[in-house]
Amino acid sequence: MDTIALRRFVAAAEELHFAHAAKHLNIPRSTLIASVRELESELGTPLFDMDAPTTTLTPAGEALLADQQRKRAETAASVQNKPQPAGGKAKANKGKGRAPAVKGQPRPGKRRQSR
C-alpha cells in the first residue's frame, strides 16, 4: 500500500470531511478523493460510505483507521524510548596547541624586541 495514500486516508478519516482534510494536507480536494479511491480499489473494499448524508467510515475503513493509528502510536513511542547518545557538546580548544611558556625562553614565532 502507498504510504501517501494511507496518510491521506487517515487525515480524511479523522476529519470526516474531505475539504477540511485536503486543506490540512495542502492539496486539492479532488486529489484527496482520487487517493482514497485508489486505496479503495487496491484494497477491494470501500472505506467511506458515500451514500450517507455526512461522511462516515465503513467497518473496513474503521478497521484500517484503527490499525494506522496504532502503528503511528507505536512509532511515536519507539522514538521517545530511543536512548540518547552519550556525551555532549565538544568544547573548543582554548590553547594555541603548544607547551606552556618556560620562564626565560623566547616564545616561538615571536621576535625579540630591539632596544
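Structural notes, computed from the coordinates.

Quick notes on the rules
- Residues numbered from 1 in each chain as written.
- Predicted model: local features only at pLDDT ≥ 70, side-chain atom pairs only at ≥ 80, totals over all residues.
- Heavy atoms only, no water.
- Helix = DSSP H or I, 4+ residues; strand = E, 2+ residues; numbered from the N terminus.
- Buried < 20%, exposed > 50% of the residue type's maximum accessible area, 1.4 Å probe, protein only.
- 1 Å grid on protein atoms, 1.4 Å probe; cavity = no way out; pocket = protein on both sides within 12 Å on 5 of 7 lines; lining within 4 Å.
- Points joined across faces, edges and corners; volume = space filled by probe spheres on them.
- Core = buried A, V, L, I, M, F, W, Y, C linked by side-chain atoms within 4.5 Å.
- Contact = heavy atoms within 4.5 Å.

## Structural notes on the side chain of Thr58
Then, number 1: Relative to the helices and strands, Thr58 is located in the loop between β2 (56–57) and α4 (59–80).
Then, number 2: Residue class for Thr58 comes out buried when judged on its relative accessible area of 13%.

## Focus: the layout of surface pockets
If you roll a probe as big as a water molecule over the atoms, it shows you where there is empty space left.
Then, number 1: Quantified by volume, the largest pocket comes out at close to 250 Å³.
Then, number 2: Together, Thr3, Leu6, Arg7, Val10, Ala11, Glu14, Glu15, His24, Leu25, Gln68, Gln69 and Arg72 line the largest pocket.
Then, number 3: Those elements giving two or more residues to the lining of the largest pocket turn out to be α1 (3–15), α2 (18–25) and α4.

## Focus on the nonpolar core
Then, number 1: Core analysis: the biggest nonpolar cluster contains 19 residues, and Phe9, Leu32, Leu39 and Phe48 have the highest contact counts within it.
Then, number 2: Secondary structure elements with two or more residues in this core: α1, α2, α3 (29–43) and α4.
Then, number 3: Counting residues per element, this core draws most heavily on α1, which supplies 7 residues.
Then, number 4: Not counting chain neighbours up to four residues away, the residues in contact with Phe48 comprise Phe9, Ala12, Ala13, Phe18, Val36, Glu40, Thr55, Thr56, Leu57 and Thr58.

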